[in-house]
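For reference, the chains in residue letters:
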Amino acid sequence: MYNVTAVLLDTVSIQRYVFSSNELKINIGASYIVSNIYKKYLEEALKEQFSTDINLKLWKEKPEEVLIKNEGVDFEIGYIGGGNAFLLFKRRDLAEGFVRSWTKLLLRDNLGISTAVAIVEDFDLDDVQKSMDKLFCKMSENKSLYFPNVTFSKYGITEDCPYTGLTAEIYDEDEGRYISSVAYKKLKYADEAQEYIKKCYKEALGENFIFTRDVEKLGQQKNDNNHIAIIHIDGNSMGQKFRETKDLVKLRKLSIEVDSVVKKSITALFKEARLIAQKLVETPESNIKIGRENGKFILPIRPLLIEGDDITLISEGRLGIFFAKRLLEILSSNNICGEPMTACAGVAIIKTKYPFYRGYTLAEELCKNAKKKAREYGGTSWLDFFIAYSGISGSLSDIRERQYKRKDWKLNFGPYLVAYNGRVPSSIREKEIKHLINGVKHFKKWPRSIVKEFQTKLATDKEAVEKFVKRDMKIKGYKLFEVPGNSYDTSGIANDVTPYFDMIELMEYYPDELFDLDEVVKEGNEDEVV
């Protein structure tokens, strides 16, 4: 038994902090601030505590070396990843001194960031799994007990910030008005954040592409069909893997491996996005218009927040499902701890000007809904999506109950199976996303009037659907796309659900150009377009 004092650092409601504004540049600045919580401010706090520089990368460079057991070593980083920092101290007073410094620095420089801390002073390095359980339990307890106030209070006589709704107490010369200190700091970091993200994905962007800071420039149409897609992806059972790891060295290697796989996968996705955008540039008749900024083409997707296996991206609305599907496929082609990685995605397709945080919340709910399937069928990756034509009121389950549930059948068919390891039960093969996409392609060959008529009947009258499929469509010479499994193509609805309503809804949000993009990517990976 070798006991030390362990500290676990976490952030609370960080998504609300990052996605509180509809201004993309503010969200980008906020994301960059979050990325420095366990870099710049951790380094400064440690230097303040120990009066010397600490190498924050040593645990990654030499994961096998556990130095805290050595004479004269008072501190060591356990690991940093997945939105947490796990730190080891020889004594509790050193840990508490560090926590005071770290939280003070964060509050001084970045109002609005709420943190949570757990300290366990009998952390046994020879029984890491049991000790980590104790540390995480302490963190859960602390999160429910303490709710720090990290912004200035609002008073009836103060003006509200147009970005955050908080008190506008700082005059921003660039904006020419008063804004909150929270928004001010995010704006000030926006340029630095843009340069940082360009540097991170320089290889993927190539010479002729750039990430935009303007949410209006992702390639949307300038009409009522002006949508963005908020893509939220989260690894399956990753927290459980960390909690079940039995020694510190393995914990470190797991954290390093997750970061590496995620970075490599997102880079691969952005490379594919560049090839796709290049193809769209060369197709003048395309409805997806690739814009230009500072003499370069704008990539129709960009990262917003990446914390370990927790990924949030934003893209042009009609490209969202394609990009989410591809990223899940790429992630699933990699191994974590010797096993294929699995993850789930939620894609919220919303109006460009719709409140961003509400859209993110919806994407997160969709991802959680997809994860229910992943827990039911191990080794699988799933995707769920929702298209918001106007405002969103209530939770995802409330919306679907209200809009997609009929007396004895339902209209939404997802979540959809994107990737799986080994064999899966034949009963869920009908949920494969390829059937959804092929169904969209099938309906696009029909006259628009017949598709609309079928959609109306699906939403209103079960008996009329069966009559339409068995009689009217046969007379007109049309046949439904055959989804393997139940006899959907002969009745339209089977087992009180239909796969066809999703297909019809997706027709406007899965352009014809996407059907050939897999070939574009395949060709491009062999001979990249720059």
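Throughout, residues of each chain are indexed from 1 in the direction in which the sequence is written. Restriction of local features to residues with pLDDT of at least 70 applies here, the model being predicted, together with a cutoff of 80 or more for giving and counting side-chain atom pairs; totals for whole chains, interfaces and linings are based on all residues. Side-chain metrics in this entry use all non-hydrogen atoms of the structure; hydrogen atoms and water are not considered.

J.: Go over the sheet that holds strand β8 (residues 227-235), please, and point to the residues and values.
T.: Any two strands with at least two DSSP-identified bridges between them are counted as paired. Put simply, DSSP H or I for four residues or longer makes a helix, DSSP E for two residues or longer makes a strand, and each gets a number counted from the N terminus. Strand order in the open sheet made by the six strands is β11-β12-β8-β15-β16-β17, with mixed pairing throughout. Two strands bound the open sheet, and with one partner strand each, they are β11 (301-307) and β17 (416-420). In this sheet, adjacent strand axes meet at a mean angle of 20° when their direction is disregarded. Pairing analysis gives six bridges linking β11 to strand β12 (residues 310-316), with the strands arranged antiparallel. Bridged to Ile 301 within β12 is Ser 315. The criterion used for residue contact is that any of the two residues' heavy atoms lie within 4.5 Å. Fitting a line to C-alpha atoms yields each axis, with helices limited to the stretch in contact; the angle taken between N-to-C directions then spans 0 to 180 degrees. The strands touched by helix α13 (residues 356-376) are β8, β11, β12, β15 (343-351) and β16 (380-387); relative to β15, the strand with the most contacts, the crossing angle is about 145°.

J.: Pulling in residues and values, what's your account of the sheet that holds strand β9 (residues 292-293)?
T.: Two modes of strand pairing occur in sheets, parallel and antiparallel, and in both the strands are linked by backbone hydrogen bonds. Within the open sheet, the three strands sit side by side as β7-β10-β9. Their pairing is mixed. Strand pairing shows two members of the sheet lacking a second neighbour, β7 (209-210) and β9, which therefore form its edges. Bridge count for β7 against strand β10 (residues 296-298) is two bridges, and the pairing is parallel. Among the inter-strand pairings, Phe 209 is bridged to a residue of β10, identified as Phe 297.

J.: I'd like to hear about the packing of helix α16 (residues 448-460) against helix α17 (residues 462-476), residue by residue, with values.
T.: Between α16 and α17, whose axes approach to 7 Å, the crossing angle comes to 155°. Comparing their axes, α17 and α16 come out roughly antiparallel. Of the two possible hands of crossing, α16 and α17 adopt the one that is left-handed. Residues Ile 450, Glu 453, Phe 454, Lys 457, Leu 458 and Thr 460 of α16 lie in contact with α17, whose contacting residues are Lys 462, Ala 464, Val 465, Phe 468, Val 469 and Lys 476. Angles below 35 degrees are treated as roughly parallel, those above 145 as roughly antiparallel, those between 65 and 115 as roughly perpendicular, and all remaining angles as oblique. Crossing handedness: left-handed means the near helix sits turned counterclockwise from the far one by under a right angle, and right-handed means the same turn made clockwise.

J.: Requested: an account of the domain arrangement of the protein chain, with residues and values cited.
T.: For the purposes of this description, domain bounds are those given by an automatic or database domain assignment. Segmentation of the protein chain into domains returns domain 1 (3-144), domain 2 (216-429) and domain 3 (448-527). Relative to domain 3, the C-alpha centre of domain 1 lies at a distance of 50 Å.

J.: So what's going on with the pairing of β15? Which residues, and what values?
T.: As a general feature of sheets, a regular strand has side chains that alternate between the two faces. Across the nine residues that make up β15, a large majority, eight, are buried. Where β8 meets β15, nine bridges bridge the pair, whose relative direction is antiparallel. From the neighbouring strand, His 227 faces β15, where its bridge partner is Lys 351. In terms of strand pairing, β15 meets β16 through six bridges, oriented parallel. Across the sheet, Ile 349 pairs through a bridge with Ile 387, a residue of β16. By the criterion used throughout, a crossover qualifies as right-handed when its path from the first strand across the helix to the second strand runs clockwise, the strands pointing away from the viewer. This β-α-β element, β15 to α13 to β16, shows left-handed connectivity. For every residue, the accessible area obtained with a 1.4 Å probe (protein chains only) is divided by the maximum for its type, and the residue is called buried under 20%, exposed over 50%, and partly exposed between those limits.

J.: I'd love a proper account of the pairing of strand β3 (residues 84-89), names of residues and values included.
T.: For β3, a buried count of six out of six residues is recorded, marking the element as mostly surrounded by other parts of the structure. Both faces of β3 are covered, namely the face carrying Asn 84, Phe 86 and Leu 88 and the face carrying Ala 85, Leu 87 and Phe 89. In terms of strand pairing, strand β1 (residues 3-12) meets β3 through five bridges, oriented antiparallel. Bridged to Leu 8 within β3 is Phe 86. In this structure, strand β2 (residues 75-81) lies alongside β3, joined through six bridges in antiparallel fashion. Residue pairing in the sheet places Ile 80 in a bridge with Ala 85 of β3. Linking two consecutive strands that pair antiparallel, namely β2 and β3, is a turn of two residues; a positive phi of about 65° is found at Gly 82 within it.

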